[in-house]
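# Examining the three-dimensional arrangement
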Amino acid sequence: ALLAALLLATTALSVVNPQLVRLFIDSAFAAAQPDAVSAGTAPAAESQSTLTWAAIAFLLMGLALQGLSALATYVGNDVGWAATNRLRADLALHCLRLDMTFHNGRTPGELIERIDGDVSALANFFSAFTVRILGSVLLLLGVVVMLWREDWRVAALLLAFTLATFYGLERVRVAATPRSRAEREASARVFGFIEERLNGIDDLRANGAGDYTMRRYYEANRRLFHAGRRAWIWRGVMWGLTMVFFALAQAMALGLGYSLFSEGAMSLGTVYLISHYTGMLIGPIERITNEMQDLQRAGASLERVQELFGHASLLRDGEGAALPPGPLAVEFQDVSFRYPDAAVEPVLKDVSFRVEAGKVLGLLGRTGSGKTTATRLLFRLYDPTEGAIRLGGIPLRAPRLDHLRERVAVVTQDVQLFSGTVRDNLTLFDPDVPDARILAVLEDLGLGEWLRSLPDGLDTPVGAGGRGLSAGEAQLLAFTRAFLSDPSVVILDEASSRLDLATEQLIERAVDKLLRDRTGLVIAHRLATVQRADEILVLEDGRVLEHGERERLAADPESRYAQLLRTGLAEVLV
């Protein structure tokens, strides 16, 4: 409402201000005529007063116009950026809620460009759109109305010119939008390529793939260059057409004004008024044209944003069934799973087992046997292709996703740490977790000495990706983070495989604490970790090869688990 009032006031001042100039010109011209000079001093004094009044009013109105324009620009930017920041947040949240099938098909760099780059293009457009477009449209209407008051023929001619200009520019804009969309897509691919290669820079260097990577980088940039050139050519066509239309409008205004002035049908001030209003007509058209060029980029970005919003998660949120308190039993019933869009055979095939509440299950099997996939199904990164999973006797699809993932904690060997402090990485930036609880958990896990060894305690800075911490310290953070969430089910996916012996002793105590009075699923290559399990499940080629109590299987020389113990667990499972 404030912005609309400012725009209306700015438009009113813009169209009234030239009237003062006309009054000034006509008064000065009349005072300079020989008959006015010979008539005496009274008319000259009256003309002088009119000139002074018109000049002062013009200056004051000009100052007011500049102030209102600046305020309208500020309010317009505030409205535009607030809206696009909301859009950016909504889009990021939407992507976070999409399933892993969506994320596996896109690089993080591409998503960053889509969420931040495309929305920034919209922000740049919409932050000035209201002020420039709506203000320009209001100014165009005001100019046409004022011209109509002076001479309907002039107004009709310039109105037809304006409509023809907009028609031509709109045709060009429609043709240019697909080129701008291709430019944005090529830019996203470049960002995705850079992000992916930077993540794998150590492997690229070790395998001598630098030249190959640079060649691929040049190819991606070449595609961006050609797409950008085509887009800019069309934007240049729009600019060139605008300049042609400007020249024609000025020629019409000057020619028509000279003709009417020569015939005595118009005063000199009115000729100026027509010329000035024509210039004012060109100004809004130019601004609208520039915004239309931005609209090409914004239109392409908007299409890509809408496309991203159009992706729906394959995982439907549950209806809100409540999970029982305390440790939860885990049950797989005839579960089969194939990764979406994968041509390979199912990763899991008719897997059935049950882990009682409070028990610990050790998952064993060679790489690719389906151990990690089974745990991903448990906190619904994916849903089974066939079969059912129950948690605490409740079908896994019944609880809300956020509630389910509050009750299931996962600790892997690939710990994700973020730029911030130790406190931030333990609480995942949740300011509501008090320091007293964090310190109590660390002491309970036997990690108090480790915390006191850090230079700034909980305020010790951590770089993105864990810079400043060793792999073992990063793993300690992951265990503490899981403990703070107070889960009912704990999944340890080879969580101690990166630890040195000193840190492993700390982790072993932490694992015992973490698994106490909780249901646990442990994927491990180390014998010590498996030995704390109550039951063992051996997977092979996605099927259950063996399942039973750990002590019974260890005592049976014919069991697969006993064979693994005899030959060396880590060696066989690699």
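See the structure printed just above.
Source: prediction; values computed, not measured.

## Things to note about the overall build of the chain
Within the chain, the regular secondary structure consists of 20 helices and twelve strands. Of the contacts formed within the chain by residues at least 6 apart in sequence, a portion of 78% connects residues at least 24 apart. Split by element, the accessible area of the chain, about 28,800 Å² in all, is 58% carbon and sulfur.

## Brief notes about the packing of aromatic side chains
Any pair of aromatic rings gets described here by the distance separating the centres and the angle formed by the planes. All chains considered together, the criterion is met by seven aromatic pairs. Look at Y217 and Y218: their rings are 6.2 Å apart centre to centre, the planes differ by 45°, and that puts the pair in the tilted class. Taking the relative accessible area as the measure of exposure, Y218 reaches 48% and is therefore partly exposed. Centre to centre, the rings of F418 and F429 are 6.4 Å apart; their planes meet at 65°, and the pair counts as edge-to-face. Placement of F418 in the loop between strand 6 (408-412) and strand 7 (420-421) and of F429 in the loop between helix 12 (422-427) and helix 13 (435-444) is noted, with a sequence separation of eleven residues between them. Residue F418 is classed as partly exposed on the basis of its relative accessible area, which comes to 37%. Over the aromatic face of F483 sits the side chain of R518, whose NZ or CZ is 5.1 Å from the ring centroid.

## Describing the pattern of salt bridges
Applying the stated criterion to the full structure yields 19 salt bridges. For the salt bridge of D317 with R400, the shortest nitrogen-to-oxygen distance reads 2.8 Å. Of the two residues, D317 is situated in the loop between helix 9 (268-310) and strand 1 (330-337) and R400 in the loop between strand 5 (394-395) and helix 11 (401-407); the sequence distance between them amounts to 83 residues. Among the salt bridges present, the one from D512 reaches R532, with a minimum N-O distance of 2.9 Å. Placement of D512 in helix 16 (residues 501-515) and of R532 in the loop between helix 17 (527-530) and strand 11 (535-540) is noted, with a sequence separation of 20 residues between them.

## Focus on the sheet that holds strand 2 (residues 348-355)
Each strand in a sheet pairs with another by means of backbone hydrogen bonds, the pair being arranged parallel or else antiparallel. Spatial ordering of the open sheet is given by 2-1-4-5, a layout of four strands whose pairing is antiparallel. The sheet is open, and its two edges are formed by strand 2 and strand 5, each paired on a single side.

## Here's the deal with the sheet that holds strand 10 (residues 519-523)
Within the open sheet, the six strands sit side by side as 6-9-10-3-11-12. Their pairing is mixed. Each edge of the sheet is formed by a strand with only one pairing partner; in this case those strands are strand 6 and strand 12 (543-549). With strand direction ignored, the average angle separating the axes of adjacent strands in the sheet is 15°. Examined bridge by bridge, strand 11 and strand 12 share six bridges and lie antiparallel to one another. Counterpart to L539 in the pairing with strand 12 is V544.

## Concerning the side chain of T480
Within the secondary structure, T480 sits in helix 15 (residues 471-484). Beyond its immediate chain neighbours, meaning those up to four positions away, T480 contacts L426, V441, L442, L445 and L447.

## Digging into the packing of helix 13 against helix 15
Contact pair helix 13 / helix 15: the axes reach a minimum separation of 10 Å and the direction vectors enclose 115°. Seen from above, helix 13 lies across helix 15 with right-handed handedness. Residues R437, I438, V441, L442 and D444 of helix 13 form the contact with helix 15, whose own contacting residues are T480, F483 and L484. Among the residues forming the contact of helix 13 with helix 15, the class breakdown is five nonpolar, one polar and two charged.

## Some details on a nonpolar patch on the surface
A surface patch of nonpolar side chains, about 240 Å² in accessible area, is lined by F29, F261 and L268. Looking at the element boundaries, F261 is found in helix 8 (residues 210-262). A relative accessible area of 33% means that F261 is categorised as partly exposed.

## Some remarks on unusual backbone geometry
Note: most residues except glycine have negative phi, and most peptide bonds are trans. The phi dihedral of D334 falls on the positive side, at around 50°, and the residue is not glycine. Residue placement: D334 occurs in strand 1. For D350, which is not a glycine, the phi torsion comes out positive at approximately 50°. Within the element layout of this structure, D350 appears in strand 2. Classification of D350 by relative accessible area gives partly exposed; the value is 46%.

## Comments concerning the environment of M252
Note that M252 resides in helix 8. Residues M252 and L158, 94 residues apart in the sequence, show an inter-C-alpha distance of 8.6 Å. Look past the residues within four positions of M252 in its chain and what remains in contact with it is L157, L158 and F161.

## Some details on the nonpolar core
If you look at the biggest cluster of nonpolar residues, it comprises 44 residues, and the most contacted ones within it are L426, L442, W450, L492 and I536. With eight residues, the top contributor of residues to this core is helix 15. Not counting chain neighbours up to four residues away, the residues in contact with L442 comprise L426, L447, G448, W450, L451, L458 and T480. Judged by nonpolar contacts, the second largest core, of 28 residues, contains L323, F332, V355 and L378.

## Here we look at helix 10 (residues 371-378)
With six of its eight residues buried, helix 10 lies for the most part within the structure. Buried within helix 10 are the following residues: K371, T373, A374, T375, L377 and L378.

## Considerations on the packing of helix 6 (residues 152-199) against helix 8
Between helix 6 and helix 8, whose axes approach to 9 Å, the crossing angle comes to 170°. The angle between helix 6 and helix 8 falls in the class roughly antiparallel. Helix-helix and strand crossings are classified by hand; for helix 6 and helix 8 the assignment is left-handed. Grouping the amino acids of the contact of helix 6 with helix 8 by side-chain chemistry returns 29 nonpolar, seven polar and eight charged.

## Regarding the environment of G135
For G135, the location among the structural elements is in helix 5 (residues 108-150). With 149 residues separating them along the chain, G135 and P284 place their C-alpha atoms 8.1 Å apart.

Scoring rules and cut-offs
Residues numbered from 1 in each chain as written. Predicted model: local features only at pLDDT ≥ 70, side-chain atom pairs only at ≥ 80, totals over all residues. Heavy atoms only, no water. Helix = DSSP H or I, 4+ residues; strand = E, 2+ residues; numbered from the N terminus. Contact = heavy atoms within 4.5 Å. Areas by Shrake-Rupley, 256 points an atom, 1.4 Å probe, with all protein chains shown as cover. Phe/Tyr/Trp six-rings, centres within 6.5 Å; stacked < 30°, edge-to-face > 60°. Buried < 20%, exposed > 50% of the residue type's maximum accessible area, 1.4 Å probe, protein only. Lys NZ or Arg CZ within 6 Å of the ring centre and 35° of its normal. Salt bridge = Lys/Arg side-chain N within 4 Å of Asp/Glu carboxyl O. Pairing = 2+ DSSP bridges. Axes fitted to C-alpha atoms, helices over the stretch in contact; angles between N-to-C directions. Left-handed = near helix turned anticlockwise from the far one by under 90°. Nonpolar A, V, L, I, M, F, W, Y, C, P; charged D, E, K, R; others polar. Patch = residues over 30% accessible without salt bridge, like charges linked within 9 Å, V, L, I, M, F, W, Y side chains within 5 Å. Core = buried A, V, L, I, M, F, W, Y, C linked by side-chain atoms within 4.5 Å. Parallel < 35°, antiparallel > 145°, perpendicular 65-115°, else oblique.

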